[in-house]
Every structure is written in structure tokens, then in C-alpha cells.
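Summary of structural features
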Amino acid sequence: MSKKPPAPKKEELPPAAPAAPAEEAAPTPVKKAEKGKRVKKHKEEKGVHAMYKIEGNKISRARPTCERCGPGYFMADHHDRYTCGHCGFTRYKQK
Ligand SMILES: [Zn+2]
């Protein structure tokens with residue numbers, strides 16, 4: 001019993017594809033370098049759906065509604081006040 005180690009298979013690799021001819025010396029038009037894709041900051045959800053939060057069977061409103069315009073008119077949340085974009089009503093936050 002003589003074990004013969006299997007001869008290593010020498011596979012001849014096909015010749016590499018010829019590189020693109022570098023003879024083309026035509027000046028390539030200078031393209032404006034594309035700026036890196038700006039990552040959009042998803043600051044805040046837009047739309048009225050963002051004003052509501054559903055908790056179980058109840059909904060809570062993220063912003064107060066305008067007293068003048070009635071429910072459905074949410075007030076913008078500023079750092080010290082809420083304002084209604086519809087009528088201009090401003091309510092200052094109580095500290
Ligand atoms: Zn209003």
C-alpha cells in the first residue's frame with residue numbers, strides 16, 4: 001500500500017483580459033466633482049400625523065391646539081411660546 005500524494009493540479013489560468021488600452025489620450029472633460037451625498041437630517045416628522053400619538057386607545061396631542069381656531073389647528077412649538085400659524089394667536093409657555 002503506497003499512498004501517492006495527489007499531484008498538485010496545476011490549472012492554467014486563462015490569460016488575464018487585456019487591460020483597456022491606455023493609448024486614448026483624449027482629454028476627458030473635467031466633470032464637476034460630485035459633492036458627497038448630503039445626509040439629510042430627519043429633524044422632525046412632518047404632517048399632522050406627527051401631532052398625534054396613539055397610546056393604547058387614547059390619542060394624545062403633541063401640541064396644544066389653538067383656542068381661537070379650535071381643535072384641529074395645532075400651534076407651533078417655540079422655545080418660549082406656542083403660536084398659531086392660522087390666526088397668529090400666541091400663548092406663552094408657563095414656567
Ligand atoms: Zn389660531
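Our structure is the block above this text.
First things first, this report covers the structure right here in the doc. Worth saying up front: this structure is predicted, and the values here are computed from it rather than measured.

Further remarks concern the overall build of the protein. Check the secondary structure of the protein and you find zero helices and six strands. Going from N to C terminus, the protein has its helices and strands arranged as β-β-β-β-β-β. Taking all 95 residues of the protein together, the buried fraction comes to 11%. When contacts within the protein are restricted to residue pairs at least 6 apart in sequence, long-range pairs at least 24 apart make up 2% of them. Total accessible area computed for the protein in this model is approximately 10100 Å², and 55% of it derives from carbon and sulfur atoms.

Two measures describe an aromatic ring pair: the distance that separates the ring centres and the angle between the ring planes. The final tally for this structure, using the stated rule, is one aromatic pair. For the ring pair Y52 and F74, a centre distance of 5.3 Å and an interplane angle of 85° mean the geometry is edge-to-face. Taken together, the residues span a long stretch of sequence, with Y52 in strand β1 (residues 52–55) and F74 in strand β4 (residues 70–77) at a distance of 22 residues. Positioned above the aromatic ring of Y82 is the side chain of K93, whose terminal nitrogen or guanidinium carbon lies 4.8 Å from the ring centre.

On to the coordination of the zinc ion. Around the zinc ion, the protein supplies C66 (SG), C69 (SG), C84 (SG) and C87 (SG) as donor atoms, at distances of 2.2 to 2.3 Å. Coordination geometry of the zinc ion: the four donor atoms subtend angles of 105 to 117° at the metal centre, consistent with an arrangement described as tetrahedral. Sequence positions of the donors to the zinc ion reduce to the motif C-x2-C-x14-C-x2-C. Classification of C66 by relative accessible area gives buried; the value is 2%.

Note that β4 and strand β5 (residues 81–84) share three bridges and pair antiparallel. Bridging from a neighbouring strand, M75 pairs with C84 of β5. Hairpin connection, β4 to β5: the antiparallel pair is bridged by three residues. Both β5 and strand β6 (residues 90–92) contribute to a ladder of three bridges, which runs antiparallel. Within β6, the position partnered with R81 by the bridge is Y92. Adjacent in sequence and paired antiparallel, β5 and β6 are bridged by five residues, among which G88 carries a positive phi angle near 90°.

This next bit is on a nonpolar patch on the surface. Residues V48, Y52, I54 and I59 make up a contiguous nonpolar surface patch of roughly 400 Å² in combined accessible area. Among the structural elements, I59 can be located in strand β2 (residues 58–61).

Rules of the game
- Residues numbered from 1 in each chain as written.
- Predicted model: local features only at pLDDT ≥ 70, side-chain atom pairs only at ≥ 80, totals over all residues.
- Heavy atoms only, no water.
- Helix = DSSP H or I, 4+ residues; strand = E, 2+ residues; numbered from the N terminus.
- Buried < 20%, exposed > 50% of the residue type's maximum accessible area, 1.4 Å probe, protein only.
- Contact = heavy atoms within 4.5 Å.
- Areas by Shrake-Rupley, 256 points an atom, 1.4 Å probe, with all protein chains shown as cover.
- Phe/Tyr/Trp six-rings, centres within 6.5 Å; stacked < 30°, edge-to-face > 60°.
- Lys NZ or Arg CZ within 6 Å of the ring centre and 35° of its normal.
- Donors = N, O, S within 2.8 Å, 3.2 Å for Na, K, Ca; no water.
- Tetrahedral: all angles 85-135°; square planar, octahedral: opposite > 155°, others 65-115°.
- Pairing = 2+ DSSP bridges.
- Patch = residues over 30% accessible without salt bridge, like charges linked within 9 Å, V, L, I, M, F, W, Y side chains within 5 Å.
- Salt bridge = Lys/Arg side-chain N within 4 Å of Asp/Glu carboxyl O.

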